[in-house]
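Secondary and tertiary structure notes
What follows is the residue order along each chain.
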Amino acid sequence: MSTIFLQHADVLVTMDSSRREISDGALLICDGVIAAVGTTDEVQQLVNSQQIHPDQIINMQHRVLLPGLVNTHHHMYQSLTRAIPGAQDAELFGWLQRLYPIWAGLTPEMIQVSTLTAMAELILSGCTTSSDHLYIYPNGCRLDDSIEAAQQIGMRFHACRGSMSVGESQGGLPPDALVEQEQAILNDSMRLIEQWHDPQPHAMLRIAVAPCSPFSVSRDLMRESALLARSYGVGLHTHLAENDNDISYSLQKFGMTPAQYAESLGWVGADVWHAHCVKLDHQGIDLFARTGTGIAHCPCSNMRLASGIAPIPAMLKAGINIGLGVDGSASNDGAHLLGEARQAMLLARVGHGPAALNARQALEMATLGGAKVLGRHDIGALAVGMSADVIAFRTDTLAMAGAAIHDPVAALLFCAPQQVDYSIINGNVVVQEGQLNTIDLPVVIEQHNRLAKILYSSASAFH
């Protein structure tokens with residue numbers, strides 16, 4: 001049995017049913033699962049009484065311990081196209097039309113290296129579980145390329161088999177050369193689920209079925225994807241109601257709001273989560289609350305593309321499950337999930353007043369909220385029996401000076417976002433004293449920059 005004893009944390013934030021915050025907190029991990037949570041004295045007594053000899057004892061003084069953060073929406077391949085000229089000041093549709101020709105040059109190696117890069121950035125920001133929505137598959141790219149990267153770096157992963165099937169000639173947004181045949185999409189989704197999906201508690205890898213958006217796939221594909229996912233018991237994910245153009249397209253093409261369109265195709269329920277929902281109306285909010293449909297809130301991307309401010313306070317009040325997503329690295333240009341939580345808190349206040357969202361509510365969206373959105377009951381909180389996904393941020397840093405003495409938990413959100421000091425994923429120490437243990441990060445960054453240059457230069461060949 002492998003055991004880790006974390007002790008003497010300034011504060012341990014449990015996110016358990018009582019939302020306890022424990023001073024001089026401690027945690028015992030046994031074989032990747034949390035075995036005890038309490039004060040250091042309480043856990044030490046348990047260790048002594050059961051004659052446990054921990055393999056590792058880590059002093060967490062001057063640190064806040066939290067459940068690992070959960071990222072519910074991303075496009076990791078886009079880390080290759082950050083800050084691309086011509087897309088820096090565009091709204092969603094123009095931004096996509098600028099980038100589609102560049103993404104046409106993606107290769108399997110680019111998918112793998114960009115996934116490692118995006119996951120490294122996420123992990124160092126406190127994220128331990130991430131979804132990824134890969135919906136473009138040129139030049140032999142497969143979702144397996146992302147999955148293999150996740151296994152290499154040691155991240156808990158929800159891999160979403162995205163797709164586009166309606167090209168420009170059929171009234172869709174993507175170029176015809178980048179769409180796939182619908183039966184091929186469904187066949188590959190089945191293959192991936194059967195090969196990779198793990199439904200068991202504490203699973204490190206799950207698959208979701210994820211047609212890209214109402215403006216890039218057909219009604220038939222949406223319907224068939226829902227039937228397929230439910231036959232296997234896996235999740236469903238797509239973009240919805242992201243901006244005004246998104247709403248206009250839905251009304252003109254389908255004669256329905258995005259929420260009505262989703263409902264008509266069976267795309268509501270506890271097994272469904274939609275990204276963005278910036279323009280979800282009152283009826284849509286009621287529908288999502290009534291059906292248990294989840295939302296991935298992506299504030300940085302929504303601001304970057306000027307999509308608007310999602311009505312998060314109203315959604316929370318209605319009882320909708322909401323998680324956070326950093327979204328693609330070309331519409332956020334970063335992947336700092338703690339920073340995303342801070343931005344969610346601040347943006348809600350711009351739209352709805354200074355008490356609209358407090359620091360602990362934002363942290364809850366980043367942990368428990370994300371777990372619920374992904375349909376996970378084994379992550380998002382530090383409690384006995386939960387997966388051992390634990391992060392620690394230092395309180396004795398320049399960014400926290402003058403704040404940690406008052407409220408170190410709130411200070412994580414109010415002060416400048418920090419990198420994580422420790423990250424334990426599934427009981428494995430992935431980050432130790434700020435250093436990522438599982439990959440050679442400078443080598444990955446060099447590979448990533450080299451491939452980003454090749455990808456950008458290849459765009460002219462597409463034309």
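Note: the structure precedes this text.
First things first, this report covers the structure right here in the doc. Keep in mind it's a predicted model, so treat the numbers as computed, not measured. (Residues numbered from 1 in each chain as written. Predicted model: local features only at pLDDT ≥ 70, side-chain atom pairs only at ≥ 80, totals over all residues. Heavy atoms only, no water.)

Observations regarding the overall build of the protein
Along its length, the protein carries 15 helices and 17 strands. Scaling as 2.2 N^0.38, a compact globule of 463 residues should have a C-alpha radius of gyration of about 23 Å, and the protein matches this with 21 Å. With the C-alpha coordinates aligned to their principal axes, the bounding extent of the protein is approximately 70 × 45 × 45 Å. A buried classification covers 61% of the 463 residues belonging to the protein. Expressed as a percentage of contacts within the protein between residues at least 6 apart in sequence, the contacts between residues at least 24 apart total 74%. Carbon and sulfur atoms form 50% of the exposed surface of the protein, whose accessible area is close to 16,700 Å². Treating the 26 positive side-chain charges of the protein as one cloud and the 44 negative ones as another, the clouds have centres 4 Å apart. (Helix = DSSP H or I, 4+ residues; strand = E, 2+ residues; numbered from the N terminus. Rg over C-alpha atoms; globule rule 2.2 N^0.38 Å. Buried < 20%, exposed > 50% of the residue type's maximum accessible area, 1.4 Å probe, protein only. Contact = heavy atoms within 4.5 Å. Areas by Shrake-Rupley, 256 points an atom, 1.4 Å probe, with all protein chains shown as cover. Lys, Arg positive; Asp, Glu negative; His and termini not counted. Charge placed at Lys NZ, Arg CZ, Asp CG, Glu CD.)

Notes on the pairing of strand S8 (residues 156-163)
When you tally the buried positions in S8, you get eight out of eight residues, the bulk of the element. Because side chains alternate across S8, one face comprises the buried residues Arg 156, His 158, Cys 160 and Gly 162, and the other comprises Phe 157, Ala 159, Arg 161 and Ser 163, equally buried. Relative to S8, strand S7 (residues 127-134) is paired through six bridges, and the arrangement is parallel. Each residue of the ladder has a partner; that of Ser 130, found in S8, is Phe 157. What joins S7 to S8 is helix H4 (residues 143-153), and the crossover it makes is right-handed. Bridge count for S8 against strand S9 (residues 205-211) is seven bridges, and the pairing is parallel. (Pairing = 2+ DSSP bridges. Right-handed = clockwise from strand over helix to strand, strands pointing away.)

What to know about unusual backbone geometry
Phi is positive for Arg 19, close to 55°, though the residue is something other than glycine. With respect to the helices and strands, Arg 19 occurs in the loop between strand S1 (3-13) and strand S2 (21-30). Residue class for Arg 19 comes out partly exposed when judged on its relative accessible area of 34%. The backbone phi angle of His 202 is positive, close to 70°, even though this residue is not glycine.

Looking at the pattern of salt bridges
A full pass over the atoms with the stated rule returns 21 salt bridges. A salt bridge links Arg 63 to Asp 421, with the nearest nitrogen and oxygen atoms 2.6 Å apart. Residue Arg 63 is found in strand S5 (residues 63-67), and its partner Asp 421 is found in the loop between helix H14 (408-414) and strand S15 (422-425); the two are separated by 358 residues along the sequence. Taken individually, Arg 63 and Asp 421 each receive the classification buried, so the pair is uniform in this respect. Note that Arg 304 is salt-bridged to Asp 333, the shortest N-O span being 2.8 Å. (Salt bridge = Lys/Arg side-chain N within 4 Å of Asp/Glu carboxyl O.)

Observations concerning the side chain of Thr 81
Within the element layout of this structure, Thr 81 appears in the loop between strand S6 (69-71) and helix H2 (92-103). Contact partners of Thr 81, with chain neighbours within four places excluded, come to Leu 99, Ile 102, Trp 103, Ala 330 and Leu 455.

Focus on the state of the cysteines
As enumerated under the stated definition, the model contains zero disulfides in all. Cysteine Cys 160 remains unbridged, with the sulfur of Cys 212 as its closest cysteine sulfur at 11 Å. In this model Cys 415 remains outside any disulfide bridge; the closest cysteine sulfur is found in Cys 300, 17 Å from its own. (Disulfide = S-S within 2.5 Å.)

Some points on the environment of Gly 140
Residue position: Gly 140 is located in the loop between S7 and H4. Classification of Gly 140 by relative accessible area gives exposed; the value is 52%. Along the chain, Gly 140 and Thr 107 lie 33 residues apart, while their C-alpha atoms are 6.8 Å from each other. Residues in contact with Gly 140, not counting those within four places in the same chain, are Pro 108 and Asp 145.

Looking at the packing of aromatic side chains
Evaluation of the coordinates by the stated rule reveals eight aromatic pairs. With a centroid separation of 5.1 Å and an interplanar angle of 85°, the aromatic rings of Tyr 77 and Trp 103 are classed as edge-to-face. With a gap of 26 residues between them, Tyr 77 in the loop between S6 and H2 and Trp 103 in helix H2 connect regions that are remote in the sequence. Given the relative accessible area of 2%, Tyr 77 is considered buried. (Phe/Tyr/Trp six-rings, centres within 6.5 Å; stacked < 30°, edge-to-face > 60°.)

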